[in-house]
Amino acid sequence: MYKYYQKCMSEKLLVPDIGDFEKVEVIELLVKQGDQIKVNDPIVTIESDKSSVEIPSTISGLIESISVKVGDKVSKGDLLLNVVSSDNKPVTEKIIPKDTEKLIIEAEEALKKNNIKEEPAEIIKKEKPQIIQVVNQNDIDPVETQEWLESLSAVINRDGNERAHYLIKELMNKAYMEGANIPYSQTTPYINTIPVVEEVKSTGDQNIERRIRSLIRWNAAAMVVRANKKFPELGGHIGTFASAATLYDVGMNHFWRAKNENFGGDLIYFQGHCAPGIYSRAFLEGRLNEKQLDNFRQEVKPGGLSSYPHPWLMPDFWQFPTVSMGLGPMLAIYQARFMKYLINRGLIKDDGRKVWAFLGDGEMDEPESLGAIGLAAREKLDNLIFVVNCNLQRLDGPVRGNGKIIQELEGIFRGAGWNVIKVIWGSYWDPLLANDKTGHLVKAMNETVDGEYQAMKARDGAYVREKFFGKFPETKKLISNLSDTDIWRLNRGGHDPHKVFAAYDKASKNIGSPTVIIAKTIKGYGMGKTGESVNTTHQTKKLDIDDLMYYRDRFDVPLTDEQVKNIEYYKPDENSPEIKYIKKRRLDLGGYIPSRTTYAKPILSPPSDIFDNMKVSTGEKQMSTTMALVRMLTNLLRDKNVAPRLVPIIPDEARTFGMEGFFQKIGIYAHEGQKYEPEDSAQLSSYREEKSGQVLEEGINEAGAMSSWIAAGTSYTNHDIEMIPIYLFYSMFGFQRIGDLAWAGADSQSRGFLIGATAGRTTLAGEGLQHQDGHSHLLASTIPNCLSYDPTFHYELAVIFREGLRRMHENKENIFYYITTMNENYSHPEMPKDKNCEEGILKGMYKIKEFSKFKKTKIQFLGSGTILREMIAGAEILQNEYQIDSEIWSVTSFNELRRDGMEVERYNLLNPDQEPKKSFVELCLGKTEGPIMAASDYMRINSDQIRPYVNKSFYSLGTDGFGRSDTRKNLRNFFEVDKEHIVTYGLSVLAKEQLIASKYASEAIKKYNIDKNKPMPTKL
Ligand SMILES: Cc1ncc(C[n+]2csc(CCOP(=O)(O)OP(=O)(O)O)c2C)c(N)n1
Ligand SMILES: [Mg+2]
């Protein structure tokens, strides 16, 4: 830490090391003479052209005098304040930040003093004994091998597995030191991870649980078949849940605790295609009725059930949207991480809640599924459990026909540092494995590929006898006394409630790492010849009568043939042991799951004066809207309601956005704190990591940052605490990169801010094609509950942001904001005094300026973002050089204007007999004079959106085409949105409207060297 005070009558607080900056402006004094201050109280805010930072006090005491005023330029070492210290301890001498060079010199001196001679260590060349190494795998001394194995067994029996593991590790280390080539294996044999003797037994009533599970299976399948019988176009899936029923049931009956007044609740990410199974259970639990089941996938009329988990459509039921595969795993990881963040920041209590995510084995091929598993291990997320349902099939065919998905996943997860539990074989295999003295059964298991495993379950016992056990005489012998039916009964681990229970139990108790349970199942389990383990299982949504009969018999569902033919649901009486049991289990676990509730208190919006400094002109001072935003966030961190709830999320761009001041001020979240002294520890903006840090610095990981944003934006329901996530991304790498996550965030009803920083195709000058964003507003417009704004001036930003806080976090509206901010520095005017200005900013447009000297010819200019400034400049030229008047409108949101326009238009069409309503665009422009010209730093279609709502000639300019690096001036010329093009096109438009002669435009084309033959920028 920096300390800058010197011994004297009073203490002096000096400007600390502020990095590379000199003569930085003081923009705010946060204290006054006579104030009592404490260590860390902010004293002044200083601002360079890139960022603003508060300087905290390092002394407690009474301010005797202040030596700086707003507008002063200060550098390191300048005097800020004199303070009469209230510290009792004697004032120390000036403490100088650690000087690395000095430390090195001292260390070298010490070395010399101790006379340590740096002599080369004696290299002892050991003669390697000349032994003949047998390269092949054959055992050259089986007796010796047996002795080693017996010793190991003795250790396991006497001292347990841990000790055996330790000894093996030591042996391997020793062999490595001696130069042996240690075989590296990420995988273990193709058998269950938990040995039979260590399996914790379920206390549940297995018979009753099986009956319940059978009914859930039946009703789930019936729901899909009935819906498709009625409307074959509806679709649906039976095979996925059929393979996963046991995996869900064991969790529901024994592990997953619901949210209630005493407990925050476990969070379960259900695999999207399993939705029918989850509804089916809710039906037995009495949460859904038959009518609702019959409306599966028919949501337009109220009361239908959504095809997949969609919180937007079933807001009291589903918590997490998962059906876009790959998003669930990632969202679950960041959810678990955010839970720890809230705990470590002291915002929620640690009551051992877990996040469970159910995933398909095919889904694991999505890069996102595995993309964040390293983070989960690094952050020691032992509150996270993945269950990968390995039914060996995806939609078209096998997941890994030629390999083994379970082994592959084991290696990947173990390599990443996860606790891996494989649940491959069911209990019927236990005696066979116990009798496998020669190891040939395990060998056959290891060597059989998934394509074969799948094919076996599509056939019968005789086929398995021949193809699998027939591989070796030893395995053939093992099953010589089993019938084909017995062989067929040999079950897979994921269908065995005992094995699943043991795995869940172990996963729940694991400490220090996330757990993945990799369970082997059969796709379409029980569906018979049409649907079980065949390549078409995934698409099967109809079962014929024979299949239905087979399904009923297989699971002993008590329905008559007639009832089966009618595909009736089956729900036992309320007083039946099954219904009583299912309800009791959930009651004991705190309530029903899934369920979406919220008890979060609103966050009171900050008083409007917190933004008052953004409503006055910045005068000479130039700044970008990105910087204005950071200034605003710094102000917000002074509001006691808002400050603790802000979650700034950054994917490694804090310095680009001038946010490095936040590192010291609120710290970077790091679950282990900071184990090192940062290189820049002496500086004001030092990289400070802390267990209770507030900033989520995600590294170069937009998808991860977005997942954090969703976790924080839904904290009001998942943790009953309203948080305010603000994810600042490099505009192009935001919406475009994470579009599907943004959609999931919207479905999840996330509340918060997305900031597309350094935005605009021509405003982010040097970076080029892949950086310059000219379309993110269009992407944002595709999301119905996303409000997007492209402000130009700091007061617009302040008004929009405050309204966002009010609507989302005080009013609890399920909307979110996308705001673009830019990195072009300019001065910002005072907010217009017009009382309707704020309303206009929020609705999308307001008049910002008018040139009306000549009262002859007029044009309406509509501009957004930095291009608004080009318009103002162009309008000035038109006024001064061509005597053309204009009105200039700042359009903060074409998207919002279009939404309003659509709604009003629809109303008018539906109410032909009523007085037509006016859209906001029409209210603004209806009575104005002259044609309209709109422009933004985005594609023309951005402003074209309001074209239908103006009954005048409308022209638009924009930045259609690929970006490229150059200066802003050249880029705006290239895309034809600079003031010269605005003047020229303006004149041309007026000529076309026959308001002026065409010669003016022709002259302007020459004057400004506009090349008529240059192709459209979209073609360049
Ligand atoms: C991102 C994405 N791509 C494609 C799909 C379409 N789709 C739905 S299920 C499925 C196969 C799923 O296989 P798997 O993950 O193994 O799940 P299983 O049904 O076998 O449990 C596919 C391709 C989707 N839902 N999401
Ligand atoms: Mg699968």
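Everything quoted here is computed from the prediction, not taken from an experiment.

## Section: the overall build of the protein chain
Here is step 1: Tallying secondary structure elements over the protein chain gives 37 helices and 26 strands in all.
Here is step 2: When its C-alpha atoms are laid out on the principal axes, the protein chain stretches across 105 × 95 × 60 Å.
Here is step 3: Out of the 1020 residues in the protein chain, the part that is buried amounts to 55%.
Here is step 4: On the protein chain, roughly 45800 Å² of surface is accessible, and the fraction owed to carbon and sulfur atoms is 51%.
Here is step 5: Side-chain charges in the protein chain split into 131 positive and 140 negative, and the spacing between the mean points of these groups amounts to 2 Å.

## What about the environment of Trp 218?
Here is step 1: Tracing the chain through its elements places Trp 218 in helix α4 (residues 206-230).
Here is step 2: As for Trp 218 and Asp 556, which are separated by 338 residues in sequence, their C-alpha atoms are 9.9 Å apart.
Here is step 3: Filtering out sequence-adjacent residues up to four positions away, Trp 218 remains in contact with Leu 548, Tyr 551, Arg 552, Val 557, Leu 559, Val 564, Glu 568, Tyr 569 and Tyr 570.

## Overview of the site of ligand 1
Here is step 1: Around ligand 1, the structure places 18 residues, and the nearest of them are Thr 240, His 273, Asp 361, Gly 362 and Lys 523.
Here is step 2: Between ligand 1 and Thr 240, the relevant distance is 2.6 Å, taken from an oxygen atom to a side-chain nitrogen or oxygen of the residue.
Here is step 3: A distance of 2.9 Å separates an oxygen atom of ligand 1 from a polar atom in the backbone of Gln 393.
Here is step 4: When ligand 1 sits alone it has 580 Å² of accessible area, and the protein chains cover 76% of it.
Here is step 5: Partitioning the shell around ligand 1 into residue classes produces three nonpolar, ten polar and five charged.

## Here's the deal with the sheet that holds strand β26 (residues 954-957)
Here is step 1: On the basis of which strands lie adjacent, the open sheet formed by five strands has the order β22-β24-β23-β25-β26 and mixed pairing. Two strands bound the open sheet, and with one partner strand each, they are β22 (845-851) and β26. Within this sheet the neighbouring strands show an average axis-to-axis angle of 20°, counted without direction.
Here is step 2: In the packing of helix α31 (residues 867-882) onto the sheet, contacts are made with β22, β23 (857-863), β24 (884-891) and β25 (932-935), and the angle to β24 comes to roughly 170°.

## Quick notes on a negative patch on the surface
Here is step 1: Negative charge collects at one region of the surface, where Asp 139, Asp 141, Glu 144, Glu 147 and Glu 150 lie side by side.
Here is step 2: Looking at the secondary structure, you find Glu 147 in helix α2 (residues 142-159).
Here is step 3: For Glu 147, a relative accessible area of 49% puts it in the partly exposed group.

## Considerations on the pattern of salt bridges
Here is step 1: Scanning the model with the defined rule gives 66 salt bridges in all.
Here is step 2: In this structure, Asp 486 and Arg 489 form a salt bridge, with 3.4 Å as the shortest nitrogen-oxygen distance. On the criterion of helical spacing, the pair formed by Asp 486 and Arg 489 is a turn pair, its members being three residues apart in helix α17 (residues 484-489).
Here is step 3: With a shortest N-O distance of 3.0 Å, Asp 553 and Arg 552 are connected by a salt bridge.
Here is step 4: Judged by its relative accessible area of 11%, Arg 552 falls in the buried class.
Here is step 5: Taken together, the salt bridges that share partners define one network made up of Glu 824, Arg 869, Glu 870, Arg 968 and Arg 972.

## What to know about the packing of aromatic side chains
Here is step 1: By the definition in use, this model includes 48 aromatic pairs.
Here is step 2: Relative to Trp 425, the ring of Tyr 190 has its centre 5.8 Å away and its plane inclined at 85°; by these criteria the two rings are edge-to-face. Placement of Tyr 190 in the loop between α3 (161-177) and α4 and of Trp 425 in the loop between β12 (419-423) and α12 (430-434) is noted, with a sequence separation of 235 residues between them.
Here is step 3: On the basis of relative accessible area, Tyr 190 is assigned to the buried category, the value being 0%.
Here is step 4: In this structure, Arg 554 is placed above the aromatic ring of Tyr 525, and the distance from its NZ or CZ to the ring centre is 4.8 Å.

## Overview of the packing of α4 against helix α21 (residues 577-588)
Here is step 1: One can describe the packing of α4 onto α21 by two numbers: an axis separation of 10 Å at closest approach and a directional angle of 95°. If you check the angle between α4 and α21, you find them roughly perpendicular. Two secondary-structure elements touch here, α4 through Ile 208, Glu 209, Arg 211 and Ile 212 and α21 through Pro 577, Glu 578, Tyr 581 and Ile 582.
Here is step 2: For the contact of α4 with α21, the class distribution of residues is five nonpolar, no polar and three charged.

## Some thoughts on the coordination of the magnesium ion (ligand 2)
Here is step 1: Protein-derived ligands of the magnesium ion (ligand 2) are Asp 361 (OD), Asn 391 (OD1) and Gln 393 (O), with the metal-ligand distances lying across 2.0 to 2.1 Å.
Here is step 2: Counting gaps between the donor residues of the magnesium ion (ligand 2) yields the pattern D-x29-N-x1-Q.
Here is step 3: You can call Asn 391 buried: its relative accessible area is 5%.

## Points about the packing of α4 against helix α6 (residues 275-284)
Here is step 1: Contact geometry of α4 with α6 gives a least axis separation of 8 Å together with a crossing angle of 120°. Between α4 and α6, the crossing angle belongs to the class labelled oblique. The element α4 and its partner α6 pack so that their crossing is right-handed. Mapping the contact onto sequence places Ile 212, Leu 215, Ile 216, Asn 219, Ala 220, Met 223 and Val 224 in α4 and Pro 276, Gly 277, Tyr 279, Ser 280, Arg 281, Phe 283 and Leu 284 in α6.
Here is step 2: Considering only residue class, the contact of α4 with α6 consists of ten nonpolar, three polar and one charged.

## Some thoughts on the side chain of Arg 631
Here is step 1: Tracing the backbone through its elements, the reader meets Arg 631 in helix α22 (residues 625-636).
Here is step 2: What makes Arg 631 buried here is its relative accessible area of 12%.

## A look at α2
Since the α-helix advances by 3.6 residues per turn, residues separated by three or four positions end up pointing in the same direction.
Here is step 1: Under the 1.5 Å per step criterion, the end-to-end length of α2 is 25 Å for 18 residues, consistent within 8% with the ideal 26 Å.
Here is step 2: Downstream of α2 by one or two residues, Gly 160 has phi in the positive range, about 95°.

## Looking at unusual backbone geometry
Here is step 1: A cis amide bond links Ile 593 with the next residue in sequence, Pro 594, at an omega value of -5°.
Here is step 2: On the secondary structure map, Pro 594 appears in the loop between α21 and α22.
Here is step 3: One non-glycine residue, Lys 380, adopts positive backbone phi at about 50°.
Here is step 4: Looking at Lys 380, the relative accessible area reads 38%, which means it is partly exposed.
Here is step 5: For Thr 758, which is not a glycine, the phi torsion comes out positive at approximately 45°.
Here is step 6: For Thr 758, a relative accessible area of 3% gives the class buried.

## Brief notes about the sheet that holds β12
Here is step 1: Taken together, the five strands give an open sheet; going across it, the order is β9-β10-β11-β13-β12, and neighbouring strands pair in parallel fashion. Because the sheet does not close on itself, it has two edges, and the strands there are β9 (267-269) and β12. Strand-to-strand twist in this sheet, taken as the mean axis angle between neighbours without regard to direction, amounts to 15°.
Here is step 2: As paired strands, strand β11 (residues 384-390) and strand β13 (residues 515-520) are joined by six bridges and run parallel to one another. Looking at the pairing, Val 388 lines up with Ile 518 of β13.
Here is step 3: Contacts from helix α11 (residues 405-416) reach β11, β12 and β13, with the element oriented near 165° to β12.

## A short note on the pairing of strand β2 (residues 24-29)
Each regular strand carries side chains that alternate between the two faces of the sheet.
Here is step 1: Burial analysis of β2 places five of its six residues in the buried class, the great majority of the element.
Here is step 2: In terms of strand pairing, β2 meets strand β7 (residues 73-74) through two bridges, oriented antiparallel. Across the sheet, the residue bridging to Val 24 is Val 74, located in β7.
Here is step 3: Examined bridge by bridge, β2 and strand β4 (residues 42-47) share four bridges and lie antiparallel to one another. Residue pairing across strands places Leu 29 opposite Val 44, the latter belonging to β4.

Reading guide: rules and limits
- Residues numbered from 1 in each chain as written.
- Chains lettered and ligands numbered in written order.
- Predicted model: local features only at pLDDT ≥ 70, side-chain atom pairs only at ≥ 80, totals over all residues.
- Heavy atoms only, no water.
- Helix = DSSP H or I, 4+ residues; strand = E, 2+ residues; numbered from the N terminus.
- Buried < 20%, exposed > 50% of the residue type's maximum accessible area, 1.4 Å probe, protein only.
- Areas by Shrake-Rupley, 256 points an atom, 1.4 Å probe, with all protein chains shown as cover.
- Lys, Arg positive; Asp, Glu negative; His and termini not counted.
- Charge placed at Lys NZ, Arg CZ, Asp CG, Glu CD.
- Contact = heavy atoms within 4.5 Å.
- Near = heavy atom within 4 Å.
- Polar contact = N/O pair within 3.5 Å; in protein donor to acceptor, adjacent residues only side chain to side chain.
- Nonpolar A, V, L, I, M, F, W, Y, C, P; charged D, E, K, R; others polar.
- Pairing = 2+ DSSP bridges.
- Axes fitted to C-alpha atoms, helices over the stretch in contact; angles between N-to-C directions.
- Patch = residues over 30% accessible without salt bridge, like charges linked within 9 Å, V, L, I, M, F, W, Y side chains within 5 Å.
- Salt bridge = Lys/Arg side-chain N within 4 Å of Asp/Glu carboxyl O.
- Phe/Tyr/Trp six-rings, centres within 6.5 Å; stacked < 30°, edge-to-face > 60°.
- Lys NZ or Arg CZ within 6 Å of the ring centre and 35° of its normal.
- Parallel < 35°, antiparallel > 145°, perpendicular 65-115°, else oblique.
- Donors = N, O, S within 2.8 Å, 3.2 Å for Na, K, Ca; no water.
- Left-handed = near helix turned anticlockwise from the far one by under 90°.
- Expected span 1.5 Å × (residues − 1).

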